[in-house]
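A closer look at the structure
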Amino acid sequence: MAKHQVVIVCGDTGSGKTTQLPKIALEMGRGVEGRRIGCTQPRRIAATSVARRVAEELQVSLGKEVGYQIRFEDRTDKKTTAVKFMTDGVLLAETRNDPDLRQYDTLIIDEAHERSLNIDFILGYLHRTLAWRKDLKVVISSATLDASSFSNFFGGAPVIEVEGRTFPVEDQFQPPLDDRERLADQVARAVEDLGELDRLGDTLVFLPGEREIRDTADLLEGRNYPGTLILPLFARQAGKEQEAVFSPMPSRRRIILATNVAETSLTIPDIRFVIDSGLARVSRHDPGSGIQRLQIEEISKASARQRRGRCGRVSEGVCVRLYEEENFEDRDEYTDPEILRSNLAGVVLQMEHLGLGDPLEFPFVDPPQAKRVAQAYRVLEEIEAVRKKGRHLELTPTGRALARMPLDPRIGKILVAAKEEGCLLEGLIIASALTVQDPRERPKEKQQAADEKHAGFRDKRSDFTGWLKLWYAIQEERSGSTNKLRRFCQKNFINFRRVQEWLNLHRELRTTLRSLKWDLPAKDKRLTDPEDTYSEPLHRAILASIPSQIGMNQGKKTGYKGARNSIFFLFPGSGIFGAAPAWVMAFEMVETTRLYARNAAMFDPGWFEKVAPHLCRYSYSNPRWVKEQGAVYGEERVIAFGLPVVEKRRIHYGRIDRAVARKVFLLEALVNQNTRAPMPALARNRGTVAAAERLEHKMRRLGGLIHPEAVVSFYEDKIPSDICTQKDFEKWVAAQPE
């Protein structure tokens, strides 16, 4: 660190790098003279727990010499804090007011192997900043890092490898017996084999998703292994169920069935064995369709090694991989970074706001594909955050407001539109609800009871009204004590911690909007009971944020036709699932076995023109003379993303195509004289036509003397080209000399 501006530390899990690196920086004399040592973590829980641990080791007060800052909490002291732990999102937010990061003399970027959007953005930002901040030291730390690519990115920065304090781990490969063996049966076979090695050895099983965890749990529980406890672990799980995983039981064997949340985010104590399915459910954003896909994919070698590293910490371990060794050797070395598989709208918006130039020219470790950047700009154009100015794009006032909100741009747009619609009270509730994790829980053994309780917060017309119902119920309980709210949550299968996050984010958003000088609802203004209501202004505001995520009902079995010819279905857990409205909008489109719409609501397609006029395309047809109106009318069709949001709307055709309207007017009104009453100005013409018709009859040459086309040509020559209605014609006639 003394000799180099950037150092890369590649250390095994358990090597102590997270806690020791900031202490080493302190010993070097960094973090003095008003500057700080900044340490980033991908998750809030890691930032707070590591700060606490380092403060204990240094024997100082947490919040003084060592502090932390996360989204809802700042425990640092402006004068005394030398070491500051924070989430990578907090560091990114600080670049707005401190573009050169002058408050730091050292930055430690931990868990860089996760390659989240934030981490990649920070690394690119530092790559630029280091050129003029020669005094800034950067340490990039990770468990399984592609060290060579990071070293090359930072101009040949040195790589230091640190060994962890672990016991030997034996690798076993146990592929399926045949193509028909289910994953759950494979796991059961491995569990039984490991039970013979150590009947009390806690086992961590990695499975791709919640469904596979439940299937495997049902199978293992059905076998009644003696002295064995089956514990599922996934992100959406109830807090109490998660806590059981972190409490070892000396007299019982625990089999923990987990998603990849246990790969790096959480450390589970006393794990002796690992069973690795080799699979994970990975979120990928399709830049062509704009759909987020949740697909089960084979994990990379780096992820497999991370999973293996979860055992061998307390004693010698065994890692059973449920696939062939050759299959492991053929896998990708590293997991795709998030920037290569995510929606980049938020990143592009921040880059425009910070004036960092073209995203395709920004120094990312792995530059995003051009089509992903194009898709991000398309989303920002949809929500009117950017607009074309010549050959370039520029931020709109809406875009500048969105960039200052700690939210996904689409969610921020709800607030901008809610302000215009006069429903900011409800908009704040919905925006914060869509940002935090769903607080509703369905414990495995009480799913029916949970569904019955949650039914009180559902709405047949809108899942967003359902969120308002839940907020209203929480609001009523909050007026008492915290314990009263906690009991309410427990009774209704609501996660109390996530409710607190929802309330905290709501409060933070109010603070953000106040800094933007917005007029906010009074702090003590309460939501009125939303039972049996449907707020049109709120739903118009939501529609403005997701204009391309709408659909038209095609029938029960064929689902909804969505934007760009996509087909989707309502998610079975949605409140409007059974109602099958004619038109729906959905905040989430997620593809698993099918493309499902979540957080959905019915809406009036006629609103589309008001909320997103820039996305409407118009077509006109069927011009016809309407004698009662004395004008030519036609039909207007409004198309949005290939869907007809307005059909057969009557429109004055003279305003659309005056030439066509004039031809119809001349033929119908003047030649055929199809008017409410005969026009006096045409009396002599009518007499001439009647005489010609008598002569035709006498000569037995019907149609021989009167040619409508010739009469139309006559009128075209005589009547000014801008006249296409009876009223304008009569006004013109009246102005002519006798």
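Up top is the structure.
What you see as residue numbers is a count from 1 along each chain, following the sequence as written. With the structure being a predicted model, the display of local features is reserved for residues of pLDDT at least 70 and the display and counting of side-chain atom pairs for 80 or more, all residues being used for whole-chain, interface and lining totals. With hydrogens and water stripped out, all remaining heavy atoms of the structure feed into the side-chain values.

1. Notes on empty space enclosed by the protein
The criterion, for reference: Cavities and pockets were defined on a 1 Å grid built from protein atoms only: a cavity is a group of points that admits a 1.4 Å probe but offers it no way out, a pocket is an open group of points flanked by protein on both sides within 12 Å along at least five of seven lines, and a lining residue is one with an atom within 4 Å of any such point. Grid points are joined across faces, edges and corners, and a volume is the space filled by probe spheres set on the points. Each helix is a run of DSSP H or I of at least 4 residues and each strand a run of E of at least 2, with the numbering of both proceeding from the N terminus.
A complete count under the given rule lists 2 cavities of 30 Å³ or more for this structure. Space inside the second largest cavity adds up to approximately 40 Å³. If you trace the second largest cavity, you find it lined by Lys17, Thr18, Leu21, Pro22, Cys39, Thr40, Gln41, Phe85, Ile108 and Asp110. For the lining of the second largest cavity, the secondary-structure elements that each account for two or more residues are helix H1 (17-27) and strand E2 (36-41).

2. Focus: the sheet that holds strand E24 (residues 617-626)
For the record, the criterion: For two strands to count as paired, DSSP must find a minimum of two bridges between them. Angles shown run from 0 to 180 degrees and are taken between the N-to-C directions of axes, each axis being a line fitted to C-alpha atoms and, for helices, limited to the stretch in contact. Note on definitions: a residue-residue contact is assigned when non-hydrogen atoms from the two residues lie within 4.5 Å.
With respect to topology, 3 strands assemble into an open sheet ordered E24-E25-E26, the strand pairing being antiparallel. Both edges of this open sheet fall to E24 and strand E26 (643-652), since each of them pairs with a single strand only. This sheet shows a mean twist of 15° between the axes of neighbouring strands, independent of strand direction. Along the sheet, helix H22 (residues 658-671) contacts E24 and strand E25 (631-640); its crossing angle with E24, the most-contacted strand, is approximately 15°.

3. A closer look at the packing of aromatic side chains
Test applied: Pairing of aromatic rings covers Phe, Tyr and Trp, the last counted by its six-membered ring, and requires centre-to-centre distances within 6.5 Å; plane angles under 30 degrees mean stacked, over 60 mean edge-to-face, and any other angle means tilted. For every residue, the accessible area (1.4 Å probe, protein chains only) is compared with the maximum for its type, and the residue is labelled buried under 20%, exposed over 50%, or partly exposed between those bounds. Ring-over charges, as used throughout, are those where CZ of Arg or NZ of Lys falls within 6 Å of the ring centre and within 35 degrees of the ring normal.
Per the stated rule, a full pass over the model turns up 17 aromatic pairs. With a centroid separation of 5.2 Å and an interplanar angle of 65°, the aromatic rings of Trp471 and Trp502 are classed as edge-to-face. Of this pair, Trp471 sits in helix H17 (residues 463-478) while Trp502 sits in helix H19 (residues 496-515); the two residues are 31 residues apart in sequence, bridging distant segments of the chain. By relative accessible area, which is 8% here, Trp471 ends up buried. An aromatic cluster is present here, built from Trp625, Phe665, Phe729 and Trp732 joined pairwise through their rings. The ring centre of Phe328 lies 4.5 Å from the NZ or CZ of Arg321, which sits over that ring. The ring of Phe569 carries the charged tip of Arg594 above its face, separated from the ring centre by 3.8 Å.

4. Remarks on the packing of helix H18 (residues 482-491) against H19
Quick reminder of the rule: For classification, angles of less than 35 degrees are called roughly parallel, those exceeding 145 degrees roughly antiparallel, those between 65 and 115 degrees roughly perpendicular, and all remaining angles oblique. Three classes are used: nonpolar for Ala, Val, Leu, Ile, Met, Phe, Trp, Tyr, Cys and Pro, charged for Asp, Glu, Lys and Arg, and polar for all others, with Gly counted as polar.
It is the contact of H18 with H19, at a shortest axis distance of 9 Å, that shows an interaxial angle of 120°. Between H18 and H19, the angle falls in the class oblique. Contacts between H18 and H19 involve Thr482, Leu485, Arg486 and Cys489 from the first element and Phe496, Val499, Gln500 and Leu503 from the second. The residue inventory of the contact of H18 with H19, partitioned by class, reads 5 nonpolar, 2 polar and 1 charged.

5. Overview of a negative patch on the surface
Which entries qualify depends on this criterion: Residues forming no salt bridge and having over 30% relative accessible area are the ones grouped into patches, like charges within 9 Å of each other and nonpolar side chains (Val, Leu, Ile, Met, Phe, Trp, Tyr) within 5 Å. Here, Shrake-Rupley sampling with a 1.4 Å probe gives the accessible areas, and only protein chains in the shown set may cover a residue. Here a salt bridge means any side-chain nitrogen of Lys or Arg lying within 4 Å of a carboxyl oxygen belonging to Asp or Glu. The positive count covers Lys and Arg only, the negative count covers Asp and Glu only, and His and the chain ends enter neither. Charged side chains are reduced to one point each, which is NZ for Lys, CZ for Arg, CG for Asp and CD for Glu.
Side chains of Glu324, Glu325, Glu326 and Asp330 sit close together on the surface and give a patch of like negative charge. Positionally, Asp330 belongs in helix H10 (residues 325-330).

6. Observations concerning the environment of Lys301
By the element assignment, Lys301 lies in helix H9 (residues 301-308). For Lys301, a relative accessible area of 10% gives the class buried. Put simply, Lys301 and Asp202 are 99 residues apart on the chain and 24 Å apart in space, counted from C-alpha to C-alpha. In this view, Lys301 contacts Phe328, Glu329, Arg331, Asp332 and Glu333; residues no more than four positions away in its chain are not counted.

7. Quick look at the packing of helix H15 (residues 424-435) against H19
So the rule is basically this: Each crossing gets its handedness from the near helix: less than a right angle anticlockwise from the far helix is left-handed, clockwise is right-handed.
Taken N-terminus to C-terminus, the directions of H15 and H19 make an angle of 125°; their axes are 9 Å apart at the nearest point. Considered as vectors, H15 and H19 are oriented oblique to each other. For the pair H15 and H19, the crossing hand works out as right-handed. For the pair formed by H15 and H19, the contact residues are Leu424, Leu428, Ile429, Ala431, Ser432, Ala433 and Thr435 on the first element and Trp502, Leu505, His506, Leu509, Arg510 and Leu513 on the second.

8. Some details on the pairing of strand E7 (residues 137-142)
Most of E7 sits inside the fold, with 6 of its 6 residues counted as buried. Burial along E7 is two-sided: the face carrying Lys137, Val139 and Ser141 and the face carrying Val138, Ile140 and Ser142 are both buried. Pairing of strand E1 (residues 6-11) with E7 involves 5 bridges; the strand directions are parallel. Residue pairing for E7: Ile8 is matched across the bridge by Ile140.

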